[in-house]
Amino acid sequence: MTLEGALAANRFGLGAKPGEIEAASTNPKGWLAQQLRQDDSGPRFAKLESTQTLVVDLVRQQQARRAKDQEAIKAFAMETRQVFLKEMAARFLNGFETAQPFRERLVWFWSNHFAVSIAKPQSSRFVGAFEREAIRPHVTGSFADMLLAVEHHPAMQLYLDNAQSIGPDSMAGRLSGKGLNENLGREILELHTLGVDGGYAQGDVIALARILTGWSIDRGARPIARMMNAVAGGASDGAFRFYPARHEPGSKTLLGRNYPEGYQGGVQALTDLAHHPATARHVAVKLATHFIADDPPAESIKRIERAFLESRGDLMKVSEALVDEPAAWRLLPGKVRSPVDYVTAALRIAGGDRLSMLDEKSIVPVIQSARAMGEMPFSAPSPKGWPDSASAWTGSDAVLERVECANAAAEKLGSQSDPVTLADEALGPLLRPETRTLIQRAASPVQGLALLFASPEFQRR
Amino acid sequence: MFDRRTFLKTGAACAAFILAGTRAQFAYAALPDDRRLAVVILRGGLDGLAAVPAHGDADYASLRGALALPKTGMGAPIDLDGFFGLHPSLHNLSEMWGHKELAIFHNVSTPYRDRSHFDAQNVLETGALAPHRLSDGWLNRALQPLGLDGGGGALAVASSPPLLLDGSARVTTWIPSRMPAADEEFLSRVAQLYANDPVFSNALKQGLETRSIAAQATHDMLNGGAAAAGYGAITPLMDGAGKILAAEHGPRVAVFDITGWDTHFNQGAGDGQLARRLAALDEGLAALKTALGEAWTKTAVVAASEFGRTVAVNGTGGTDHGTASIAFVMGGAVAGGTIHAEWKGLKSSALRDGRDLPAMTDSRAIFKAILADHLGIAKKSLEDRVFPDSAAAAALKGIIRV
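K.L.:
Got a minute to help me understand the overall build of chain B in this structure?
P.N.:
Each helix and strand in chain B was counted, giving 14 helices and 11 strands. Counting every position in chain B, which comprises 402 residues, the buried fraction comes to 61%. The contacts in chain B between residues at least 6 apart in sequence include a share of 75% that link residues at least 24 apart. Summed over all atoms, the accessible surface of chain B reaches about 14,000 Å², with 54% contributed by carbon and sulfur.

This is the structure we're talking about:
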């Protein structure tokens, strides 16, 4: 087991499974690169519902609301919770079991970059499907495709209020007196693409919001209405739908460039934003911060930025540049694992064969543990997503929660094997001799496992 | 995994362990007259005109449209001075107003003038002129001159401190625990494990100290009341932290981080989404007052947001990011019953960019006044260290009772 193997499995991966550091040690970069070739997670998500199906459910909810059928409304909320928990069970299980942990970390990274949250109840039904359909297929594809998929998706349309945004001078705007909502336009520029210092102004926020009016959810319609919508320039894939009647007429100017009226104007604007140099910079800073250090070296950011620009946002090339980045292989004081990463690493090393039983019921304590330490998937407090620095997870109460979680998790996972062996398998050369000694001297195998989980080197990556 | 009884049992054992070892850590109450300060960050951009409506403004009803509160009946504002009122959800605050324990500031903003949440919060919390100029929070920088930097002097009611309280001075954090406590013997082994890792060892030590104060101060909470409350609940946090602040050897400064104000969609008026959030805040603040008990007379609480929202309703029954909002300052130490506003009206010519309430009072002027007049921080520390580049925002007079 080499240091590079341990870093590949922990820094780039989700925490080593038994045998993983050994496997990665022969050719750590090759071990990572091969995970990018194709996605083998398909079967773990096969039973989950497509966005199109989930959208049809929304129509049902709307009907229940209109009829003020309290029982149906309640049943719908319960059902949404079940949808969410099933998604969480599949997502965590994949994280615990995958042999492509680097690819999976990339999925989680991009999912957090384009954060959607159940803090907005309307989008909670869609957050799992959002990651499966808008993020996952694109992590080694093009950033522009990912951006387009994300901004079309009902989870984002609902989370950032664009689904109801209406051009004030559109037909629907003039009839209803309703109008613009700036939320999605602003966060696309500030968080998804250019970054807050990316050189845009309030006028650009409004322009992008106008460009994206009419982008919404396909809430179903009679065939005749659907046909008329299509004739008027509408577009639909059964989940997303462009409503020409809500679209602000006229061309719009965003960052000095003109975009024509209509659905294509939005596609062009997003495509241009995806290739903007400020976007390359913003994405490079975030990737380097996530994979290398809270405060990554400037030259690392530069190289990742260049890979993004030269490949026009080919995320395969960008991910490879990350693997090639020398700073990521230097032994810096590692990143502190986020609570979800921490729970995942614990279950990867010590979960054993219990994991396959994971379902929407047994996932609840796993989610609660992460939440008690301060993080829960798809529930970031703001569209900025979860923070990505040690200080976010090492407040005094957070550390105490982590120690208590280590203890509770070890009690649950028991002691099917020797904790010293598990510690070696989990950390390889990253395991400090003093930690190893303390685990050896533990009062019981359970306590030894708890000490491994609580150790600083296991808390970091 | 979440057995409350186990927590109670082992929690008590854990408290005994800490008190035996670290009693000396609690020497920090250096504040004059044992005063307390709580800062409530209203994260997300509170609509100041919804919380404190200018119902006497001739343009209020027409410009606010669907968000205007009715003049009378259900959902009408609680009148304060014939011109301004309080949102009907804020009845505990109106009681404080009646007792002259609440001062209200309208048209308040940080020096930041753009509309990004995250940059605006950065400015609110660092106390700098622009985002990302300073990397620590103004309240953290105030701790050393106040003699509260020993670790247990300031409390963030969160699992990790928000930027406002983050920095080189050590602070502690607390939220109602959701995990079964680890036993003393295990914790001493973990302490050994952390011997060479200052980040983890300091955090663990501090966490245990605060937990022990919490365990003594909030017996009732350990019985599960607080932990059973829903995600985002405010009252259990304010109740628990109030008891910790009230404790003889407890911290003297606390920070609350309350989200839920970013009302782009279906904001509601007298009733609805924002009304419910305001009611939760109002109930929380009342719980804080009750929990502080006698100490309330020595307390100032300031609540502020990173920016306000547009005056007009947006296209989706909500409001978009704006400029000025309101700030509340309350407590037994506050010279309340007053509203500070330089009102320019609601006509679009009076609004910033024709859309936002203009900024007339710099939030730093309020914070500085509280640090100076309530906590007695030295002027030089305040101007040079805590709020550099703030000469233009002179501390306001008369907020604190003398």
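The discussion continues.
K.L.:
Sorry, what's going on with the nonpolar core here?
P.N.:
A general feature of soluble globular proteins is that nonpolar side chains tend to end up buried together. Ranked by size, the top nonpolar core spans 151 residues in total, and within it Trp110, Phe114, Phe453 and Phe458 of chain A carry the most contacts. Those residues in contact with Trp110 of chain A that sit more than four places away from it in its chain are Ile135, Val139, Phe143, Met146, Val283, Leu287 and Leu315 of chain A.

K.L.:
What exactly am I supposed to notice about the interface of chain A and chain B here?
P.N.:
For interface size, the figure often reported is the accessible area lost on association. Listed as interface residues are 63 residues of chain A and, on the opposing side, 51 residues of chain B. Each partner contributes to the roughly 4,800 Å² buried at the junction of chain A and chain B, and carbon and sulfur atoms together form 58% of this total. Two residues, Asp397 of chain A and Arg211 of chain B, come together in a salt bridge whose shortest N-O distance is 3.7 Å. Between chain A and chain B we count 27 residue pairs in polar contact (both at pLDDT 80 or more) in total. Where the side of chain A that touches chain B is concerned, the elements lending two or more residues are helix H11 (183–192), helix H12 (202–211), helix H19 (363–373), helix H20 (396–413), helix H22 (433–440), helix H23 (445–454) and helix H24 (456–459) of chain A. Ranked by residue count, the leading element in the side of chain A that touches chain B is H20 of chain A, at 13 residues.

K.L.:
What is the right way to read the confidence of the model for chain B from this model?
P.N.:
Detail in the predicted coordinates should be disregarded across regions flagged by low pLDDT. All names here are of chain B. Residue-level pLDDT values for chain B average 87, and 88% of them are 70 or greater. Here residues 1–29 is modelled with pLDDT under 50, and outside its nearest four sequence neighbours on either side it reaches 59 contacts, counting other chains as well. Confidence drops under pLDDT 50 across residues 220–231; counting only partners more than four residues distant or on other chains, this segment forms 22 contacts. The ipTM, which scores confidence in the relative placement of chains, is 0.88 for this predicted complex, and the corresponding pTM is 0.83.

K.L.:
Would you mind showing me how to read the sheet that holds strand S1 (residues 215–217) of chain A here?
P.N.:
In any sheet, the strands associate via hydrogen bonds between backbone groups, in a parallel or an antiparallel arrangement. The 3 strands are arranged S1-S3-S2 (chain A) in an open sheet whose pairing can be described as antiparallel. The two strands at the open ends of the sheet, each matched to only one other strand, are S1 and strand S2 (235–236) of chain A.

K.L.:
What's the story with helix H13 (residues 363–374) of chain B in this structure? I'm lost.
P.N.:
Note on helix geometry: an α-helix contains 3.6 residues per turn, so any two residues three or four positions apart are oriented the same way. All names here are of chain B. Taking 1.5 Å as the rise per residue, H13 with 12 residues should run 16 Å; its terminal C-alpha atoms sit 16 Å apart, in good agreement. Judged by how many residues are buried, H13 sits mostly within the fold: 10 of 12 residues are covered. Looking at H13, one finds that the buried residues are Ser363, Arg364, Ala365, Ile366, Phe367, Lys368, Ala369, Ile370, Leu371 and His374. Following H13 by one or two positions, Gly376 has its phi on the positive side, about 70 degrees.

K.L.:
What am I meant to see in the packing of helix H6 (residues 101–113) of chain A against helix H15 (residues 277–291) of chain A here?
P.N.:
Helix packing for two helices is described by the angle between their axes and how far apart those axes are. Residue and element names in this part refer to chain A. Across the interface, H6 lies against H15 with an axial gap of 12 Å and an inter-helix angle of 130 degrees. Taken together, H6 and H15 sit at an angle that is classed as oblique. Considering how the two elements wind past one another, H6 and H15 form a crossing that is right-handed. Contacts from Phe102, Arg105, Leu106, Phe109, Trp110 and His113 in H6 reach His282, Val283, Lys286, Leu287, His290 and Phe291 in H15. Taken together, the residues that form the contact of H6 with H15 break down as 7 nonpolar, 3 polar and 2 charged.

K.L.:
What is the right way to look at the pairing of strand S5 (residues 150–157) of chain B in this model?
P.N.:
Working note: regular strand, side chains alternate between the two faces of the sheet. Residue and element names in this part refer to chain B. For S5, the buried fraction is high: 7 of the 8 residues fall into the buried class. Pairing of S5 with strand S6 (residues 170–173) involves 3 bridges; the strand directions are parallel. Paired with Ala156 across the two strands is Thr173, which belongs to S6. Examined bridge by bridge, S5 and strand S7 (residues 253–259) share 4 bridges and lie parallel to one another. Across the sheet, Val157 pairs through a bridge with Phe256, a residue of S7.

K.L.:
Please explain unusual backbone geometry as it appears in this structure.
P.N.:
Generally, phi is negative for residues other than glycine and the peptide bonds are trans, each holding for most cases. Residue and element names in this part refer to chain A. Of note in the backbone geometry, Lys68 takes a positive phi value of approximately 50 degrees without being a glycine. Along the chain, Lys68 turns up in the loop between helix H4 (51–66) and helix H5 (70–97). A positive phi angle is found at Arg312, which is not glycine, with a value near 50 degrees. Among the secondary structure elements, Arg312 is positioned in the loop between helix H16 (298–310) and helix H17 (315–324).

K.L.:
Explain the environment of Ala172 of chain A here, please?
P.N.:
Residues and elements named next belong to chain A. Here Ala172 shows up in helix H10 (residues 171–176). Spatially, the C-alpha atom of Ala172 lies 5.1 Å from that of Arg246, the residues being 74 residues apart in sequence. Aside from chain neighbours lying at most four places away, what touches Ala172 is Ile166, Gly177, Ala245 and Arg246.

K.L.:
Where do I start with the packing of aromatic side chains in this structure?
P.N.:
Aromatic ring pairs are defined here through the distance separating the ring centres and the angle between the ring planes. Within the structure shown, the criterion is met by 25 aromatic pairs over all chains. Ring centres of Phe109 of chain A and Trp110 of chain A lie 4.9 Å apart, and the angle between their planes is 80 degrees; on these two criteria the pair is classed as edge-to-face. With a centroid separation of 5.2 Å and 90 degrees between ring planes, the pair formed by Phe84 of chain B and Trp343 of chain B is classed as edge-to-face. Placement of the pair is Phe84 of chain B in the loop between strand S2 (78–79) and strand S3 (85–86) and Trp343 of chain B in the loop between strand S10 (338–340) and strand S11 (361–362), with a sequence separation of 259 residues. By the ring-pair criterion, three or more aromatic residues cluster together here, those being Phe12, Phe102, Phe109, Trp110, Phe114, Phe143, Phe291, Phe308 and Trp329 of chain A. Positioned over the ring face of Tyr243 of chain A is Arg246 of chain A, at 4.2 Å from the centre of the ring. In this arrangement the basic side chain of Arg277 of chain B is found over the ring face of Trp261 of chain B, its NZ or CZ atom lying 5.9 Å from the centre.

K.L.:
Help me understand the side chain of Lys120 of chain A in this model?
P.N.:
Tracing the sequence through the fold places Lys120 of chain A in the loop between H6 and helix H7 (127–135). According to the relative accessible area criterion, Lys120 of chain A is buried, its value standing at 16%. Reaching out from Lys120 of chain A, the side chain makes a polar contact with the side chain of Asp161 of chain A at a distance of 2.5 Å. Discounting residues that sit within four places of it in the chain, Lys120 of chain A has contacts with Leu158, Tyr159 and Asp161 of chain A together with Phe265 of chain B.

K.L.:
Any chance you could explain the pattern of salt bridges here in plain terms?
P.N.:
Pairs can form between side chains of opposite charge once their charged atoms are near each other. For the coordinates displayed, the defined rule picks out 49 salt bridges over all chains. A salt bridge links Glu104 of chain A to Arg136 of chain A, with the shortest nitrogen-to-oxygen separation between them at 2.8 Å. Here Glu104 of chain A is found in helix H6, whereas its partner Arg136 of chain A is found in the loop between H7 and helix H8 (143–152), with 32 residues between them in sequence. Here Glu104 of chain A matches Arg136 of chain A in class, with each residue buried. Across the salt bridge formed by Arg36 of chain B and Asp34 of chain B, the nearest N and O atoms sit 3.5 Å from each other. Classification of Arg36 of chain B as buried rests on a relative accessible area of 4%. The partly exposed category is assigned to Asp34 of chain B, whose relative accessible area is 26%. Through salt bridges with shared partners, a single ionic network connects Glu182 and Arg186 of chain A together with Arg115, Asp353, Arg355 and Asp356 of chain B.

How each quantity is defined
Residues numbered from 1 in each chain as written. Chains lettered and ligands numbered in written order. Predicted model: local features only at pLDDT ≥ 70, side-chain atom pairs only at ≥ 80, totals over all residues. Heavy atoms only, no water. Helix = DSSP H or I, 4+ residues; strand = E, 2+ residues; numbered from the N terminus. Buried < 20%, exposed > 50% of the residue type's maximum accessible area, 1.4 Å probe, protein only. Contact = heavy atoms within 4.5 Å. Areas by Shrake-Rupley, 256 points an atom, 1.4 Å probe, with all protein chains shown as cover. Core = buried A, V, L, I, M, F, W, Y, C linked by side-chain atoms within 4.5 Å. Buried area = accessible area lost by both parts, 1.4 Å probe. Salt bridge = Lys/Arg side-chain N within 4 Å of Asp/Glu carboxyl O. Polar contact = N/O pair within 3.5 Å; in protein donor to acceptor, adjacent residues only side chain to side chain. pLDDT = per-residue confidence, 0-100. Pairing = 2+ DSSP bridges. Expected span 1.5 Å × (residues − 1). Axes fitted to C-alpha atoms, helices over the stretch in contact; angles between N-to-C directions. Parallel < 35°, antiparallel > 145°, perpendicular 65-115°, else oblique. Left-handed = near helix turned anticlockwise from the far one by under 90°. Nonpolar A, V, L, I, M, F, W, Y, C, P; charged D, E, K, R; others polar. Phe/Tyr/Trp six-rings, centres within 6.5 Å; stacked < 30°, edge-to-face > 60°. Lys NZ or Arg CZ within 6 Å of the ring centre and 35° of its normal.

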